[in-house]
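# Structural overview
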Amino acid sequence: MKSSVYDCVILPLNKIHNRAGNITIVEGQANVPFEVKRIYYLYDIPGGENRGGHAHKELQQLIVAASGSFDVLLDDGINKKVVTLNRPDYGLMVVPGIWRELMEFSSGAISLVLASLYYDEADYIRDYNVFLKFKRRKNEK
Ligand code: TYD
């Protein structure tokens with residue numbers, strides 16, 4: 001599948017508000033366009049550290065700033081864009097074939113990730129030059 005940073009969109013999630021606080025519900029195939037097989041979260045990120053620095057061949061993800069804020073740099077080998085996440089009721093859809101880096105974490109930030117597949121190291125591309133070759137092959141098809 002060809003994919004570009006423009007396929008990575010911000011999805012508004014629901015928010016049920018009452019005086020005791022808020023709740024946001026994410027349901028697979030309902031408000032995210034995939035079945036959720038795995039959830040993980042990044043936390044206790046030391047100041048100045050970056051995460052990510054890889055792409056996935058098949059994995060779809062929804063990234064949510066469950067607490068605090070951070071930036072997601074998206075790169076499809078041609079175009080780049082930076083998305084700031086800072087609200088728990090919005091998620092960033094990251095489609096397959098996108099290099100991503102997570103950076104500028106605020107103190108106490110939590111990055112909640114909903115993923116379409118179980119963990120599989122073979123789905124990762126961790127070398128940027130390998131990623132560029134992978135994208136060139138996809139774009140020729
Ligand atoms: P990685 O995806 O590289 O982290 P990030 O993108 O946040 O920088 O994963 C970090 C480590 O955790 C790596 O050794 C793989 C392991 N890991 C799992 O075992 N299962 C998982 O579901 C994830 C996301 C990571």
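Look up a bit, the structure's there.
Residues numbered from 1 in each chain as written. Predicted model: local features only at pLDDT ≥ 70, side-chain atom pairs only at ≥ 80, totals over all residues. Heavy atoms only, no water.

## Structural notes on helix 1 (residues 128-140)
With 13 residues, helix 1 should cover 18 Å at 1.5 Å per step; its first-to-last C-alpha distance of 19 Å lies within 8% of that length. Every buried residue belonging to helix 1 is among Phe131, Leu132, Phe134, Lys135 and Lys138, and all of these are buried. Buried residues of helix 1, viewed axially, fall in a sector of 160°; they line one side. More than 90 degrees from the buried face of helix 1, the exposed residues found are Asn129, Lys133, Arg137 and Glu140. The inward-facing, buried residues of helix 1 contact strand 5 (51-56), strand 7 (70-75), strand 10 (99-103) and strand 12 (124-125). The N-capping residue of helix 1, defined by a side-chain oxygen 2.8 Å from the backbone nitrogen of asparagine 129, is aspartate 127. (Helix = DSSP H or I, 4+ residues; strand = E, 2+ residues; numbered from the N terminus. Expected span 1.5 Å × (residues − 1). Buried < 20%, exposed > 50% of the residue type's maximum accessible area, 1.4 Å probe, protein only. Arc of directions from axis to C-beta. Contact = heavy atoms within 4.5 Å. Polar contact = N/O pair within 3.5 Å; in protein donor to acceptor, adjacent residues only side chain to side chain.)

## Overview of the site of the ligand
In the vicinity of the ligand, the contacting residues are Arg38, Tyr40, Leu42, Arg51, Gly52, His54, Tyr119, Tyr124 and Arg126. The separation between an oxygen atom of the ligand and a polar side-chain atom of arginine 38 is 2.5 Å. Between the ligand and the protein, one listed contact pairs an oxygen atom with a side-chain N or O atom of arginine 126 at 2.9 Å. Taken together, the residues of the shell around the ligand break down into four nonpolar, two polar and three charged. (Near = heavy atom within 4 Å. Nonpolar A, V, L, I, M, F, W, Y, C, P; charged D, E, K, R; others polar.)

## Details of unusual backbone geometry
Phi angles above zero are rare outside glycine, and glutamine 29 is one such case at about 65°. The topology assignment puts glutamine 29 in the loop between strand 3 (21-23) and strand 4 (38-42).

## Brief notes about the pairing of strand 8 (residues 80-85)
Pairing of strand 7 with strand 8, which is carried by six bridges, proceeds in the antiparallel orientation. Bridging across to strand 8, phenylalanine 70 finds its partner in leucine 85. Here strand 7 folds back onto strand 8 in antiparallel fashion, the turn holding four residues, of which glycine 77 has a positive phi close to 95°. (Pairing = 2+ DSSP bridges.)

## Thoughts on the pattern of salt bridges
Applying the stated rule across the entire model yields four salt bridges. Lysine 80 is the partner of aspartate 75 in a salt bridge, and the nearest nitrogen-oxygen pair spans 3.4 Å. Between glutamate 121 and arginine 126 there is a salt bridge whose closest N-O contact spans 2.7 Å. What makes arginine 126 partly exposed here is its relative accessible area of 48%. In the salt-bridge network here, residues are joined through shared partners; they are Lys15, Arg87 and Asp89. (Salt bridge = Lys/Arg side-chain N within 4 Å of Asp/Glu carboxyl O.)

## With respect to the sheet that holds strand 5
Strands sit in the order 8-7-10-5-12 across an open sheet of five strands; the sheet is antiparallel. Edge positions in the sheet fall to strand 8 and strand 12, since each has one partner strand and no second. In terms of strand pairing, strand 5 meets strand 12 through two bridges, oriented antiparallel. When the sheet's bridge partners are listed, histidine 56 is paired in strand 12 with tyrosine 124.

## Details of a positive patch on the surface
Judged by side-chain charge, Lys57, Lys133, Arg136, Arg137 and Lys141 come together as a positively charged surface patch. Topologically, lysine 57 is positioned in the loop between strand 5 and strand 6 (61-67). (Patch = residues over 30% accessible without salt bridge, like charges linked within 9 Å, V, L, I, M, F, W, Y side chains within 5 Å. Areas by Shrake-Rupley, 256 points an atom, 1.4 Å probe, with all protein chains shown as cover. Lys, Arg positive; Asp, Glu negative; His and termini not counted. Charge placed at Lys NZ, Arg CZ, Asp CG, Glu CD.)

## A look at the sheet that holds strand 11 (residues 110-115)
Strand-to-strand pairing in sheets goes through backbone hydrogen bonds, with the strands running parallel or antiparallel. On the basis of which strands lie adjacent, the open sheet formed by five strands has the order 1-9-6-11-4 and antiparallel pairing. Looking at the sheet topology across the chains shown, the edges are occupied by strand 1 (10-12) and strand 4. Averaged over all pairs of adjacent strands, the angle between strand axes in this sheet comes to 30°, irrespective of strand direction. Inspection of the sheet shows strand 6 paired to strand 11 by six bridges, in the antiparallel sense. (Axes fitted to C-alpha atoms, helices over the stretch in contact; angles between N-to-C directions.)

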